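Chains, contacts and geometry: an overview
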Amino acid sequence: MAPRRKKIYEGKAKVLYEGPEPGTLVQYFKDDATAFNAQKKDVIEGKGVLNNRLSEFFMTGLTNVGVPNHFIKRLNMREQLIRQVEIVPLEVIVRNFAAGSMAKRLGMEEGTPLPRPIVEYSYKNDDLGDPLVPEEYIIAFGWATQQDLDDIVALALRVNDFLAGIFYGVGIKLVDFKIEIGRVWDGDFMRLIVADEISPDSCRLWDVKTGQKLDKDVFRRDLGNLADAYTEVARRLGVLPTNNTTNIKPTLIN
Ligand code: UDP
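Everything quoted here is computed from the prediction, not taken from an experiment. (Residues numbered from 1 in each chain as written. Predicted model: local features only at pLDDT ≥ 70, side-chain atom pairs only at ≥ 80, totals over all residues. Heavy atoms only, no water.)

**Remarks on helix α1 (residues 47-64)**
One full turn of an α-helix is made of 3.6 residues, so residues set three or four places apart face in the same direction. Taking 1.5 Å as the rise per residue, α1 with 18 residues should run 26 Å; its terminal C-alpha atoms sit 25 Å apart, in good agreement. Counting buried residues in α1 gives 13 out of 18 residues, a clear majority hidden from the surface. Trailing α1 by a residue or two, G66 shows a phi angle of about 90°, which is positive. (Helix = DSSP H or I, 4+ residues; strand = E, 2+ residues; numbered from the N terminus. Expected span 1.5 Å × (residues − 1). Buried < 20%, exposed > 50% of the residue type's maximum accessible area, 1.4 Å probe, protein only.)

**Topic: the side chain of D196**
With respect to the helices and strands, the residue D196 is situated in the loop between β13 (189-195) and β14 (203-207). Excluding anything up to four places from it in sequence, D196 contacts K14, Q27, M59, H70, K178 and E180. (Contact = heavy atoms within 4.5 Å.)

**Regarding the site of the ligand**
Neighbouring the ligand are 15 residues, the closest being E91, R95, S101, D176 and R204. A distance of 2.7 Å is found between an oxygen atom of the ligand and a side-chain nitrogen or oxygen belonging to R95. A distance of 3.5 Å separates an oxygen atom of the ligand from a polar atom in the side chain of D130. The fraction of the free accessible surface of the ligand (500 Å²) that becomes covered by protein chains is 77%. Taken together, the elements giving at least two residues each to the shell around the ligand come down to β9 (90-97), α2 (100-106), β12 (172-186) and β14. Its residues assigned to classes, the shell around the ligand shows four nonpolar, three polar and eight charged. (Near = heavy atom within 4 Å. Polar contact = N/O pair within 3.5 Å; in protein donor to acceptor, adjacent residues only side chain to side chain. Areas by Shrake-Rupley, 256 points an atom, 1.4 Å probe, with all protein chains shown as cover. Nonpolar A, V, L, I, M, F, W, Y, C, P; charged D, E, K, R; others polar.)

**Description of the pattern of salt bridges**
The full count for this structure, using the stated rule, is 26 salt bridges. R78 serves as the salt-bridge partner of D31, at 3.0 Å between the closest nitrogen and oxygen. Residue D31 is found in the loop between β3 (24-29) and β4 (32-35), and its partner R78 is found in the loop between β6 (71-74) and β7 (79-83); the two are separated by 47 residues along the sequence. The pair formed by D31 and R78 is uniform in burial state, with each residue classed as buried. Shared partners join several salt bridges into a network, and the residues in it are R95, E110, E120, D176, R204, D217, R220 and R221. (Salt bridge = Lys/Arg side-chain N within 4 Å of Asp/Glu carboxyl O.)

**Quick look at the confidence of the model for the chain**
Confidence along the chain averages 94 in pLDDT terms, with 93% of residues attaining 70 or more. Across the chain, element-level confidence peaks in β9 with a mean pLDDT of 99 and bottoms out in β4 with 96. Contacts from residues 247-254, a stretch scored under 50 in pLDDT, to residues over four places away or in other chains number 17 contacts. (pLDDT = per-residue confidence, 0-100.)

So this is what it looks like as structure tokens:
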């Protein structure tokens, strides 16, 4: 049995525990899948293990190309050590092709290429269903400053270029994705870094040739087995843990 740890926060897909040192947290990936602001829920066996590995893979890659992020190291099948940050209350969405809420709002066909990557923000608030907000609101309400937003756009576009290239290399089109940003302090000096997770839960990923969806839309739209789709992404990226990820029972870990 692992020692009892203090739970800091429990979200829909992850739990955060106090870390071994000040300024660190342990991020635990659950198998729970939710969509439409948690109106649709299920447990997808193996999803947490896959997302832990995939987020490790992307965050490590970002570190290697110089994009600061919260990842320190993976601890086990479902947990990773991360830097504690103060989360900016925004979902930062980057879009390369129209899909989801944008396609609906503007009456665009899903998959329409955008003239350039578009960065947009939702205010993180489950009671309100994470409403889309303009920069004006963000600055006026003090969620972030103009300087923060400039830094956030720069980070988001670097993440986009990195991820789009990695995915294209394995025959996957990065349609859009969401990241979250955290503040860390070095003394009085504040920096913004990529936080939360990067996984098929928060990206739209389509097979380049067939258009097959390999992301959470498989669950949202009942298109098949979600764990199979995530396993395919992990397999193409060469990030599969042991041979059979979907047989890993949460109770066996820790
Ligand atoms: N997204 C996310 N969490 C959210 C909302 C969106 O990870 O709470 C991701 C979603 O998976 C997609 C992108 O952000 O890759 C854009 O989502 P969109 O605004 O189209 O919303 P959706 O259609 O998912 O409601």
